[in-house]
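Close look at the chain arrangement
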Amino acid sequence: MKLLHCFYKYGAPQTFYSTCRKITPISGALCALLLLAGLIGALWLSPADYQQKDAFRIIYMHVPSAWMSMFVYMVMAATGAAGLIWKVKVTEIISTNCAPPGAAFTFLALVTGSIWGKPMWGTWWVWDARLTSELVLLFLYLGYMALQGTIEDRRSAAHAGAILALVGLVNIPIIHYSVIWWNTLHQGPTLLKLDAPSIHISMLIPLLIMMAAYMLYFLTVLCIRSRHDLLALEKDSSWAKELRTRDLGKGERN
C-alpha cells in the first residue's frame, strides 16, 4: 500500500512538475561533469586495446548508446503499461517523451557500430542478429512516434502506443542474448554477464562513467520534455495558473 501511495503522490501533476523542476539543473550539471570526465578517460587515460588499437575507443559512445536504447525502451513500455492500467496522465507523458531520446540512442548505437565494424569486419553493415534486432528497435521507436502523431486524442494515442511498446518488449531479450543464442560477428557481452566483466579496469571505469553520463542526459531531457508537455496539458488548472503568475512576478522583479 505504501508503494501505491507513493506512486499516486509523485504521479500527481503538480508534484511531478515540481520534482522535475528541481531535478533538471542537478542532473544536467552532473551529466556535463561526468561526460567531460568520461571523455578524458576514454580518449587520453585509458590504454589502447592490444588487438583493436585506438579503434576500440568508439565503444565509449557505442556501448552506452546501445545500453540506453534498450533501457529507455523498457522505461517507455513500463510507464505506458502504468498509464494503461491506472490511467495516470503523468506516466503517459513520460512514456511518450521516452521515444525521441530512445530513437536517438538507437540511431547512435547503429552508426557507431557501423563505424567500428568497417575496420574490424571490413564492412559497414552485416545482417547480424545483434545489428538486425537493434535496427528493429529503431523501427519500433519510429513506429511508436508515428502512431502517436496519427491519433488526435491524447489518451487514445497513449494507450495505442503503450500496447505497441509492450508487444515490442519481446525484442529486448533478443538484442541482449542474440550474441549468445546465435553465431554472430558481434562480440559477446563484456559487462552484463554472470562472471566478472571481460574488460580491464582502466578501460572499464571510463566506460561506466560514460554510461552514467548518458543516463543523466536521458533523465534531464525527459524531465524537460515532460515538464513542458504537462504544463501545456494542465494550463487551465489552478496550480499551473498560480505557477505562471509566480514566474511572471519573478520576471518583473528581475
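Refer to the preceding data block for the structure.
Residues numbered from 1 in each chain as written. Predicted model: local features only at pLDDT ≥ 70, side-chain atom pairs only at ≥ 80, totals over all residues. Heavy atoms only, no water.

The next subject is the overall build of the protein. When you go through the protein residue by residue, the secondary structure sums to nine helices and zero strands. Counting from the amino terminus, the protein carries its helices and strands in the arrangement α-α-α-α-α-α-α-α-α. Taking all 254 residues of the protein together, 43% fall into the buried category. Within the protein, counting contacts between residues at least 6 apart in sequence, those at least 24 apart form 74% of the total. In the form shown here, the protein has an accessible surface area of approximately 13900 Å², with 70% of it arising from carbon and sulfur atoms. (Helix = DSSP H or I, 4+ residues; strand = E, 2+ residues; numbered from the N terminus. Buried < 20%, exposed > 50% of the residue type's maximum accessible area, 1.4 Å probe, protein only. Contact = heavy atoms within 4.5 Å. Areas by Shrake-Rupley, 256 points an atom, 1.4 Å probe, with all protein chains shown as cover.)

On to a nonpolar patch on the surface. Taken together, Leu35, Leu36, Leu39, Ile40, Leu43, Trp44 and Leu45 make up a surface patch of nonpolar side chains, about 710 Å² in accessible area. Examined against the element boundaries, isoleucine 40 turns out to sit in helix α2 (residues 13–45). (Patch = residues over 30% accessible without salt bridge, like charges linked within 9 Å, V, L, I, M, F, W, Y side chains within 5 Å. Salt bridge = Lys/Arg side-chain N within 4 Å of Asp/Glu carboxyl O.)

A word on the packing of helix α3 (residues 59–86) against helix α5 (residues 129–150). Contact geometry for α3 and α5: axes closest at 11 Å, N-to-C directions at 40°. Judged by the angle between their axes, α3 and α5 are oblique. Where α3 crosses over α5, the two elements pack in a sense that is left-handed. Of the residues in α5, those in contact with Ala66, Ser69, Met70, Val72, Tyr73 and Met76 of α3 are Glu134, Leu137, Leu140, Tyr141 and Tyr144. (Axes fitted to C-alpha atoms, helices over the stretch in contact; angles between N-to-C directions. Parallel < 35°, antiparallel > 145°, perpendicular 65-115°, else oblique. Left-handed = near helix turned anticlockwise from the far one by under 90°.)

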